[in-house]
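Chain by chain, the residues:
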Amino acid sequence: MKAGRLYQYNQPLKIEEVADPVITHPNDVIVKIGGAGVCHTDLHLIQGMWHHILGTELPHIIGHENAGWVHQVGSGVTNFKVGDPVIVHPVMSCGYCLSCRRGEDMHCEDLKFPGLSVDGGYAQYLKTSDRALIPLPEGVRPEEVAPYADAGITAYRAVRKAAPLARPGTKALMIGMGGLGHIGIQVMRELGNADIITLDIDKGRLDMSLDLGAAHAVVANDQAISQVKSLTNEKGADIIIDFVGTDRTHADSMQMLRKGGHYFVVGYGGTVNVPSINIINNEFNIIGSLVGNYSDLYELMQLNARGKVKLHTSKYSLDEANDVLRKLEEGKINGRAVLVP
Ligand SMILES: [Zn+2]
Ligand SMILES: [Zn+2]
């Protein structure tokens, strides 16, 4: 099959012919990829950021936002058949450990992460397990929903945690209106009741956020902090969801958060650096959020089916993977890019 493989960190992928994945466990499923979302985590992986965390071995096929059709099933798979359209939860979880039994797939003690720790979906075929699959309703094309598998549930999980705090009269600041943010704002509109303020460097993405339910949109420049302050009666936002996660957004968030406020860290790459006196004096809550579990993906697909959340996608061929990654790094992708092999 054709696949995009990383041979060396900080180098372009090689688009080349590789061996097809094979079933080795009764619950394995081979999925014919219909679409693979292109994600900032792919950039972080190419930079080597995940090497020591997940033990990625090179060469490695990246791509963890996958949807397609069941192509082949192991002997123990009873609930899916060849040809079924599916979206793929991003991890292969064991189902037996305490975390799995709590429903926390991302904390599985025997987790495999296609696209990060084992081969992923920048390819024609992907190996996963039947536990990871959610059937797609009739008429839904895999390439139109693939980014829900990671970008979608990552935004969904953070907003689901924040939503009970988003009561009428509260202010929720959402930083970064790209792939995750444009989903996050729609989920906040559906699950919460806060006045939503969005912050981004790009005017086009901010305009889109106003269409999707933001009350105010603020351009991320030197006046941004004072503008957010004035939109929150100089108190700061009750909730901040940071989809960007740079040193700058972490530092600015600490100045825009209300006393007793909740700061959800979703994007990553920077370092949160807060004097502990500020945390206790302001009773700041700083909360990490990692991807999402199977039921997060199930719930998000329900919102999608009802037309409550919509994805903005642009489609590219697998051969264009390196160009698309470069565009993403330069901030030139609106919504989400999807590779169609
Ligand atoms: Zn992703
Ligand atoms: Zn497990």
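Each value, and the rule that gives it
Residues numbered from 1 in each chain as written. Chains lettered and ligands numbered in written order. Predicted model: local features only at pLDDT ≥ 70, side-chain atom pairs only at ≥ 80, totals over all residues. Heavy atoms only, no water. Salt bridge = Lys/Arg side-chain N within 4 Å of Asp/Glu carboxyl O. Buried < 20%, exposed > 50% of the residue type's maximum accessible area, 1.4 Å probe, protein only. Axes fitted to C-alpha atoms, helices over the stretch in contact; angles between N-to-C directions. Helix = DSSP H or I, 4+ residues; strand = E, 2+ residues; numbered from the N terminus. Left-handed = near helix turned anticlockwise from the far one by under 90°. Contact = heavy atoms within 4.5 Å. Nonpolar A, V, L, I, M, F, W, Y, C, P; charged D, E, K, R; others polar. Phe/Tyr/Trp six-rings, centres within 6.5 Å; stacked < 30°, edge-to-face > 60°. Lys NZ or Arg CZ within 6 Å of the ring centre and 35° of its normal. Pairing = 2+ DSSP bridges. Domains from an automatic or database assignment. Buried area = accessible area lost by both parts, 1.4 Å probe.

1. Structural notes on the pattern of salt bridges
A full pass over the atoms with the stated rule returns 19 salt bridges. Asp-200 serves as the salt-bridge partner of Arg-205, at 3.2 Å between the closest nitrogen and oxygen. Take Arg-205 and Asp-200: they sit in the same class, and that class is buried.

2. A closer look at the packing of helix H5 (residues 151–162) against helix H6 (residues 181–191)
Interhelical geometry of H5 versus H6 gives an angle of 35 degrees and a closest axis separation of 9 Å. When the axes of H5 and H6 are compared, the crossing they make is right-handed. Between H5, through Ala-151, Gly-152, Ala-155, Tyr-156, Val-159, Arg-160 and Ala-162, and H6, the contact on the second element is made entirely by Ile-183, Gly-184, Val-187, Met-188 and Leu-191. The residue inventory of the contact of H5 with H6, partitioned by class, reads 9 nonpolar, 2 polar and 1 charged.

3. Side note on the packing of aromatic side chains
This model, assessed by the stated rule, comprises 1 aromatic pair. An angle of 85 degrees between the planes, with centres 5.8 Å apart, marks the rings of Trp-50 and Tyr-268 as edge-to-face. On the criterion of sequence distance, the pair formed by Trp-50 in the loop between helix H1 (40–46) and helix H2 (51–54) and Tyr-268 in the loop between strand S13 (257–265) and helix H10 (276–282) is long-range, its members being 218 residues apart. The buried category is assigned to Trp-50, whose relative accessible area is 15%. Cation over ring: Lys-14 sits above Tyr-7, and NZ or CZ is 4.5 Å from the ring centre.

4. Side note on the sheet that holds strand S4 (residues 60–61)
Read from one edge to the other, the open sheet built from 3 strands follows the order S2-S1-S4, with strand pairing classed as antiparallel. The open sheet has two edge strands, strand S2 (14–17) and S4, and neither has a second partner. In this structure, strand S1 (residues 2–6) lies alongside S4, joined through 2 bridges in antiparallel fashion. Residue Arg-5 lies in a different strand from S4, and its bridge partner there is Ile-61.

5. Here we look at unusual backbone geometry
Put simply, Leu-58 and Pro-59 share a cis peptide bond, and its omega is 0 degrees. You can see Pro-59 is positioned in the loop between H2 and S4. Even without glycine at this site, Asn-10 takes up a positive phi of about 65 degrees. In this structure, Val-291 takes a positive phi of about 45 degrees despite not being glycine. Structurally, the position occupied by Val-291 is in the loop between strand S14 (285–288) and helix H11 (294–305). Taking the relative accessible area as the measure of exposure, Val-291 reaches 9% and is therefore buried.

6. Here we look at the sheet that holds strand S10 (residues 195–200)
In spatial order, the strands read S11-S10-S9-S12-S13-S14; together these 6 strands make up an open sheet with parallel pairing. The sheet is open, and its two edges are formed by strand S11 (216–219) and S14, each paired on a single side. Here the strands of the sheet are splayed against their neighbours by 20 degrees on average, with no regard to which way each runs. Relative to the sheet, helix H9 (residues 247–256) contacts strand S9 (171–175), S10, strand S12 (237–242), S13 and S14, its axis offset from that of S13 by approximately 155 degrees.

7. Things to note about the domain arrangement of the protein chain
As far as domains go, the protein chain holds domain 1 (2–150 + 292–340) and domain 2 (153–288). Relative placement of domain 1 and domain 2: their C-alpha centres are 27 Å apart. Across the contact, 27 residues belong to domain 1 and 19 residues belong to domain 2. At the boundary of domain 1 with domain 2, total buried surface from both sides reaches about 1900 Å², with 54% on carbon and sulfur atoms. On the surface where domain 1 and domain 2 come into contact, there are 3 salt bridges.

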